[in-house]
Amino acid sequence: MRNTGLEPETTAARVRTTTPAGSRPRPRNPDGTRRRRTEGDALAEVHLRERNYRRGLAMSDMLATTASAAIALQAFGGERLRPVFVLALPIVVIVGKLQGLYDRDELVVSKSTLDEMPRLFHLATLIALAVWLTRKVFVVGAPSTADLVALWALLLASLTGGRMLARRIAAFTSPPERCLLLGGDQVFGRLAARLADDRNLVLVRWEPLDQVINRRARLEDLVEQDGIQRIIIAPGEGHSTEIVDVIRAAKATGLRVSLLPGILATVGSSVVFDDLGGIVLLGVPRFGLSQSSALLKRTLDLVGATALLVLMSPLMLVAMIAIKRGSPGPVFFRQTRVGRGGQPFSMIKLRTMVDGADALKPALAERNEAVGLFKIDNDPRITRDGRWLRRTHLDELPQMINVIRNEMSLVGPRPLILEEDETITGTDRRRLHLTPGITGQWQILGAARVPLAEMVKLDYLYIANWSLWGDIKILARTIPAMVGRRGQ
């Protein structure tokens with residue numbers, strides 16, 4: 001069959017075309033040759049994967065509820081659960097089902113437990129109240145208010161941790177999801193780069209959208225030949241009407257569908273759907289923070305920065321002594337960065353390079369590995385002590401002083417040096433609407449991996465979609481992201 005799409009090997013980001021780890025080998029014919037994948041095989045894998053996730057999450061929720069109730073009651077009040085409590089566990093699953101906690105994974109590519117934390121908060125609250133109201137039936141003894149609070153806290157922690165573990169197990173025991181992009185090769189390259197390290201998903205190929213519009217048979221061929229299980233649609237100009245036909249054909253074939261609407265690249269994802277007599281409107285949030293939102297963000301910054309500075313001060317003292325003994329020069333490194341509204345400020349870090357490292361930058365320019373930024377792997381200017389400081393990220397602790405001074409925020413746009421900021425023009429400069437942050441989406445994705453032009457887009461979307469919960473999620477994701485890169 002003619003290949004109308006770009007082969008994955010020709011893209012800048014290499015996409016896996018072999019059988020990934022965790023997938024099941026393709027069945028073989030009686031003569032030993034590999035049997036051609038059929039539409040039934042692809043859909044069977046879809047159902048297996050979704051069943052593994054649903055069952056794993058349901059079992060996790062029931063175990064978390066039982067363990068939390070038993071531990072909280074026994075540890076804080078000496079009460080114990082009656083065996084009849086087991087009969088109430090299906091109600092936990094039913095309540096979770098009503099909240100959509102078992103259906104979301106089949107709709108999304110990124111199956112993140114952090115994204116469902118608000119609903120888990122509600123679930124933990126409902127379970128704790130239900131146990132309290134029915135304590136005479138399910139509990140031996142008289143639990144106190146402290147038992148209820150302990151139960152709620154344990155439920156929230158165990159539901160979250162259990163679901164994270166359940167999703168890891170489901171991903172390990174399920175075949176990866178095979179995806180097809182309907183769109184252009186540029187979008188394919190961007191998605192391939194983002195998904196290169198994802199063991200749960202394979203971006204198999206891309207197909208021009210025009211090739212499948214009003215052609216259900218073409219979709220069926222792709223499902224059978226390449227084992228496609230999900231299509232990601234990136235609509236282009238003039239395809240607004242035809243997209244509906246493609247979605248209908250895909251759903252009729254049994255494919256899972258994800259949309260990559262271009263409008264969200266401008267207004268962000270925090271839109272509100274509004275129904276005007278059957279006509280769907282999108283309510284776009286204001287750009288920037290209201291006074292109350294700014295107060296919430298500032299409160300988080302002050303509390304978080306102060307706590308970290310106090311708790312980590314002994315480690316910072318040890319690091320300062322090591323820097324002073326390890327190489328000549330000051331303990332702190334100060335660099336001018338561009339802050340909110342374009343105002344420069346002095347960012348403080350523990351010195352990890354030789355004194356006068358900035359003066360050596362021109363000689364190392366040809367070794368720069370980032371686009372628009374200056375990043376070198378195994379930078380020769382880094383001192384011996386500086387390497388472990390960077391691996392542990394202890395060198396960034398003094399930035400908490402910048403946060404307390406209101407020069408930086410815990411989460412926000414990346415603070416650029418003057419030379420980098422001069423390359424940002426036009427509407428992209430609206431990233432300076434907020435105070436720059438110690439971390440952000442650019443840190444999670446890998447600061448050196450994100451080109452400057454793409455980073456400023458991430459900053460814009462962060463501002464356009466700001467929420468306190470969004471900041472908390474970014475902070476939670478920063479730690480594993482930094483540990484996984486070991487400071488690089």
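Residues numbered from 1 in each chain as written. Predicted model: local features only at pLDDT ≥ 70, side-chain atom pairs only at ≥ 80, totals over all residues. Heavy atoms only, no water.

## Here we look at the packing of helix H10 (residues 291-326) against helix H11 (residues 384-392)
For step 1, the next point in the chain: Orientation of H10 relative to H11, taken along the N-to-C sense of each, is 155°, at an axis distance of 9 Å. Between H10 and H11, the crossing angle belongs to the class labelled roughly antiparallel. Together, Ala319, Ala322, Ile323 and Gly326 of H10 and Asp385, Trp388 and Leu389 of H11 make up the contact between the two elements.
For step 2, the next point in the chain: Considering only residue class, the contact of H10 with H11 consists of five nonpolar, one polar and one charged. (Axes fitted to C-alpha atoms, helices over the stretch in contact; angles between N-to-C directions. Helix = DSSP H or I, 4+ residues; strand = E, 2+ residues; numbered from the N terminus. Parallel < 35°, antiparallel > 145°, perpendicular 65-115°, else oblique. Contact = heavy atoms within 4.5 Å. Nonpolar A, V, L, I, M, F, W, Y, C, P; charged D, E, K, R; others polar.)

## Focus: the sheet that holds strand E3 (residues 177-182)
For step 1, the next point in the chain: With respect to topology, four strands assemble into an open sheet ordered E4-E3-E5-E6, the strand pairing being parallel. Either end of the sheet is taken by a strand with one partner, and the two such strands are strand E4 (201-207) and strand E6 (256-259). Averaged over all neighbouring strand pairs, the angle between strand axes comes to 25°, with direction disregarded.
For step 2, the next point in the chain: Pairing between E3 and strand E5 (residues 230-233): four bridges, direction parallel. Pairing of Leu182 across the sheet is with Ile233, part of E5. (Pairing = 2+ DSSP bridges.)

## Details of helix H3 (residues 117-133)
Because an α-helix completes one turn every 3.6 residues, residues spaced three or four positions apart along the sequence face the same direction.
For step 1, the next point in the chain: Relative to the 24 Å expected for 17 residues at 1.5 Å per residue, H3 spans 24 Å between its end C-alpha atoms, a close match to the ideal helical length.
For step 2, the next point in the chain: If you check which residues of H3 are buried, you get Met117, Leu120, Leu123, Ala124, Ile127, Ala128 and Val131. For H3, the angular spread of buried residues about the axis comes to 130°, placing them on one side. (Expected span 1.5 Å × (residues − 1). Buried < 20%, exposed > 50% of the residue type's maximum accessible area, 1.4 Å probe, protein only. Arc of directions from axis to C-beta.)

## A few points about the pattern of salt bridges
For step 1, the next point in the chain: According to the stated counting rule, one finds 21 salt bridges in the structure shown.
For step 2, the next point in the chain: A salt bridge links Arg54 to Glu106; the shortest N-O distance between them is 2.3 Å. Within this pair, whereas Arg54 is found in helix H1 (residues 39-77), its partner Glu106 is found in the loop between helix H2 (89-98) and H3, the two being separated by 52 residues in sequence.
For step 3, the next point in the chain: A salt bridge links Asp115 to Arg104; the nearest nitrogen and oxygen atoms lie 3.5 Å apart. Here Arg104 lies in the loop between H2 and H3 and Asp115 lies in the loop between H2 and H3, a separation of 11 residues in the sequence.
For step 4, the next point in the chain: Owing to a relative accessible area of 24%, Asp115 belongs among the partly exposed residues under this scheme.
For step 5, the next point in the chain: In this structure, a network of salt bridges that share partners links the residues Asp61, Asp105, Glu116, Arg163 and Arg167. (Salt bridge = Lys/Arg side-chain N within 4 Å of Asp/Glu carboxyl O.)

## Considerations on the pairing of E5
For step 1, the next point in the chain: Residues Arg230 and Ile232 point to one face of E5 and Ile231 and Ile233 to the other, with burial holding for every one of them.
For step 2, the next point in the chain: Examined bridge by bridge, E5 and E6 share four bridges and lie parallel to one another. For Arg230, the partnering residue across the bridge sits in E6 and is Arg256.

## Brief notes about the environment of Glu396
For step 1, the next point in the chain: Within the secondary structure layout, Glu396 lies in the loop between H11 and helix H12 (399-404).
For step 2, the next point in the chain: Exposure remark for Glu396: the relative accessible area of 16% places this residue in the buried category.
For step 3, the next point in the chain: In sequence terms Glu396 and Lys349 are 47 residues apart; their C-alpha atoms lie 5.3 Å from each other.
For step 4, the next point in the chain: Those residues in contact with Glu396 that lie beyond four places of it in its chain are Lys349, Ile438 and Gln443.

## Describing the packing of H2 against H3
For step 1, the next point in the chain: Axis separation between H2 and H3 bottoms out at 11 Å; the angle between their running directions is 145°. Seen along the crossing, H2 lies across H3 with a hand that is right-handed. Of the residues in H3, those touching H2 at Val92, Val95 and Gly96 are Leu123, Leu126 and Ile127.
For step 2, the next point in the chain: For the contact of H2 with H3, a count of residues per class yields five nonpolar, one polar and no charged. (Left-handed = near helix turned anticlockwise from the far one by under 90°.)

## Regarding a nonpolar patch on the surface
For step 1, the next point in the chain: On the surface, a cluster of nonpolar side chains totalling about 280 Å² of accessible area is made up of Val84, Leu87 and Val137.
For step 2, the next point in the chain: Structurally, Val137 can be placed in helix H4 (residues 135-138). (Patch = residues over 30% accessible without salt bridge, like charges linked within 9 Å, V, L, I, M, F, W, Y side chains within 5 Å. Areas by Shrake-Rupley, 256 points an atom, 1.4 Å probe, with all protein chains shown as cover.)

## Points about the packing of aromatic side chains
For step 1, the next point in the chain: Enumeration according to the criterion identifies two aromatic pairs in this entry.
For step 2, the next point in the chain: Between Phe85 and Phe138, the aromatic rings sit 5.8 Å apart at their centres with planes inclined by 85°, giving edge-to-face as the arrangement. Taken together, the residues Phe85 in the loop between strand E1 (80-81) and H2 and Phe138 in helix H4 connect sequence positions 53 residues apart. For the residue pair Phe85 and Phe138, the accessibility class agrees, reading buried in each case.
For step 3, the next point in the chain: On the basis of an interplanar angle of 80° and a centroid distance of 5.3 Å, the ring pair of Phe121 and Trp152 is categorised as edge-to-face. Placement of Phe121 in helix H3 and of Trp152 in helix H5 (residues 145-173) is noted, with a sequence separation of 31 residues between them.
For step 4, the next point in the chain: Lying over the aromatic face of Tyr53, Lys111 brings its terminal NZ or CZ to 5.5 Å of the ring centre. (Phe/Tyr/Trp six-rings, centres within 6.5 Å; stacked < 30°, edge-to-face > 60°. Lys NZ or Arg CZ within 6 Å of the ring centre and 35° of its normal.)

## Structural notes on the pairing of strand E9 (residues 332-338)
For step 1, the next point in the chain: As defined by bridge partners, E9 adjoins strand E10 (residues 344-350) across seven bridges and the pair is classed as antiparallel. Across the sheet, residue Phe332 finds its bridge partner in E10, namely Leu350.
For step 2, the next point in the chain: As consecutive antiparallel partners, E9 and E10 are separated by five residues, and within that stretch Gly341 has a phi angle of approximately 70°, a positive value.

## A few points about unusual backbone geometry
For step 1, the next point in the chain: Unlike most non-glycine residues, His393 shows phi in positive territory, near 65°.
For step 2, the next point in the chain: Its location among the elements puts His393 in the loop between H11 and H12.
For step 3, the next point in the chain: With a phi close to 70°, Asn406 is a non-glycine residue in the positive phi region.

## Let's talk about the side chain of Arg167
For step 1, the next point in the chain: Inspection of the secondary structure puts Arg167 in helix H5.
For step 2, the next point in the chain: The residues touching Arg167, leaving out its near neighbours within four places in the chain, are Tyr53, Leu57, Asp105, Lys111, Ser112, Thr113 and Glu116.

## With respect to the side chain of Thr383
For step 1, the next point in the chain: With respect to the helices and strands, the residue Thr383 is situated in the loop between E10 and H11.
For step 2, the next point in the chain: For Thr383, a relative accessible area of 14% gives the class buried.
For step 3, the next point in the chain: In this structure the side chain of Thr383 is engaged in a polar contact, spanning 2.9 Å, whose partner is the backbone nitrogen of Gly386.
For step 4, the next point in the chain: Look past the residues within four positions of Thr383 in its chain and what remains in contact with it is Ser327, Thr352, Met353 and Val354. (Polar contact = N/O pair within 3.5 Å; in protein donor to acceptor, adjacent residues only side chain to side chain.)

## Some details on H11
For step 1, the next point in the chain: Of the residues making up H11, those classed as buried are Asp385, Gly386 and Leu389. For H11, the buried positions fall inside an angular range of 100° around the axis, keeping them on one side.
For step 2, the next point in the chain: Where H11 is buried, its residues touch H10.
For step 3, the next point in the chain: The first or second residue beyond H11 is His393, which carries a positive phi of 65°.

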